[in-house]
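Here is how the chains run, residue by residue.
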Amino acid sequence: GVDAHLMVANVDDIAVKYAEIGCASVTIHAEATKNIPQTLRNIRKAGSRSSLGIKPNTDIDQYQSFVDDVDMFLIMTVEPGFGGQKFMENMMEKVRRTRKIIGDRPIWLQVDGGISMSTIQIALEAGADTFVVGSAVFNAPDPAQMVVSIREFAQQLTQ
């Protein structure tokens, strides 16, 4: 299914439309959303997983009260805007804090930005369990094979 990651104006109104057309999950950004809990609930009500994205300079602690409204937290490991940026390893402390906030709830913890064969293990060890891989795939000589290789590598790490 489609994992829609929305970085748009009026996301409170638009997010639910993505859920209604059948996206498996819809990510809104904490910094761009007017009514976070209501928008997350509306996404769920429309049948999608609700996800809250957090930019690098944003503290996760101020959003922990929304933990029961999310199915996934997305920690950005680059500044959103363009591909090919270097993985921000200093975001791993935020990933660890988010994992603590999640506790034993069935909430995914996704990282997005600079994820590759050389950074996925760092993110996994910090507590991430879902990974967005862009440039590492699209810049590979064989993108399809890179998807298979990264997936197999991640699965080996979790066994």
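For clarity, every value in this text was computed on a predicted model and none was experimentally measured.

Rules of the game
Per-chain numbering applies: the sequence of each chain, read as written, is numbered from 1 onward. Local features in a predicted model are, by the rule used here, given only for residues with pLDDT of at least 70; side-chain atom pairs are given and counted only at 80 or more, and totals for whole chains, interfaces and linings are based on all residues. Remark: hydrogens and water are excluded; side-chain values derive from all non-hydrogen atoms of the structure. One requirement defines pairing of two strands: DSSP has to find at least two bridges between them. Secondary structure elements are defined from DSSP: runs of H or I of at least 4 residues count as helices, runs of E of at least 2 residues count as strands, and each element is numbered from the N terminus. Angles here are taken between N-to-C directions and fall from 0 to 180 degrees, while the axes themselves are lines fitted to C-alpha atoms, restricted in helices to the stretch in contact. The working definition used for a salt bridge is a side-chain nitrogen of Lys or Arg within 4 Å of a carboxyl oxygen of Asp or Glu. Relative accessibility decides the category of a residue: with a 1.4 Å probe and only protein chains considered, values under 20% of the type maximum give buried, values over 50% give exposed, and everything between is partly exposed. Orienting the strands away from the viewer, one traces the path from the first strand over the helix to the second; a clockwise path indicates a right-handed crossover. Contacts are assigned to residue pairs that have any heavy atoms within 4.5 Å of one another. Under this scheme an angle from 65 to 115 degrees is roughly perpendicular, one under 35 degrees roughly parallel, and one over 145 degrees roughly antiparallel; angles in between are oblique. When the near helix sits turned anticlockwise from the far one by under a right angle, the crossing is termed left-handed; a clockwise turn instead gives a right-handed crossing.

Reading across from one edge, β1-β2-β3-β4-β5-β6 is the order of the 6 strands in this open sheet, with parallel pairing throughout. Each end of this open sheet is capped by a strand with a single partner; those strands are β1 (3–5) and β6 (130–132). On average, adjacent strands in this sheet sit at an angle of 25° to one another, irrespective of strand direction. Bridge count for strand β5 (residues 108–112) against β6 is 3 bridges, and the pairing is parallel.

Once the charged atoms of two side chains with opposite charge are near each other, the side chains can pair. Taken as a whole and judged by the stated rule, the model has 7 salt bridges. Arginine 105 is the salt-bridge partner of aspartate 68, the closest N and O atoms lying 3.1 Å from each other. Within this pair, whereas aspartate 68 is found in the loop between β3 (49–54) and β4 (72–76), its partner arginine 105 is found in the loop between α3 (92–102) and β5, the two being separated by 37 residues in sequence. According to the relative accessible area criterion, arginine 105 is partly exposed, its value standing at 32%. Overlapping salt bridges bring together Asp59, Asp61 and Arg97 as one network.

A few words now on the pairing of β4. For β4, the buried fraction is high: 5 of the 5 residues fall into the buried class. Covered by surrounding structure in β4 are Met72, Leu74 and Met76 together with Phe73 and Ile75, the residues of both alternating faces. Here β3 pairs with β4 via 4 bridges, running parallel. In the sheet register, leucine 52 faces β4, and the bridge partner there is phenylalanine 73. Of the strand pairs in this sheet, β4 and β5 are connected by 5 bridges, and their pairing is parallel. Across the sheet, residue leucine 74 finds its bridge partner in β5, namely glutamine 110. A crossover connection joins β4 to the parallel β5 through α3; in handedness this β-α-β unit is right-handed.

Here the focus is the environment of tyrosine 63. Here tyrosine 63 lies in the loop between β3 and β4. With residues up to four places along the chain from it excluded, the contact list for tyrosine 63 reads Ala30, Ile36, Leu52, Ile54, Thr58 and Phe73.

Attention now moves to the pairing of β5. Taking burial as the measure, the 5 residues of β5 include 4 buried ones, the bulk of the element. A crossover connection joins β5 to the parallel β6 through helix α4 (residues 120–126); in handedness this β-α-β unit is right-handed.

This part is about the packing of helix α1 (residues 11–20) against helix α2 (residues 36–45). Two elements in contact, α1 and α2, have axes whose closest approach is 8 Å; the angle formed by their N-to-C orientations is 15°. When the interaxial angle is binned, α1 and α2 end up roughly parallel. Where α1 crosses over α2, the handedness of that crossing is right-handed. Facing Val11, Asp12, Ala15, Val16 and Ala19 of α1, the residues of α2 in contact are Thr39, Asn42 and Ile43.

Turning to the side chain of serine 25, a few remarks are in order. By the element assignment, serine 25 lies in strand β2 (residues 25–29). Every residue in contact with serine 25, bar those within four places of it in the chain, is listed here: Val2, Asp3, Ala4, Ser48, Arg49 and Met72.

Before going further, it helps to spend a moment on unusual backbone geometry. Positive phi, close to 55°, is recorded for asparagine 10, a residue that is not glycine. Summarising the element assignment, asparagine 10 is placed in the loop between β1 and α1.

Interpretation in functional terms is not warranted from these geometric data alone.
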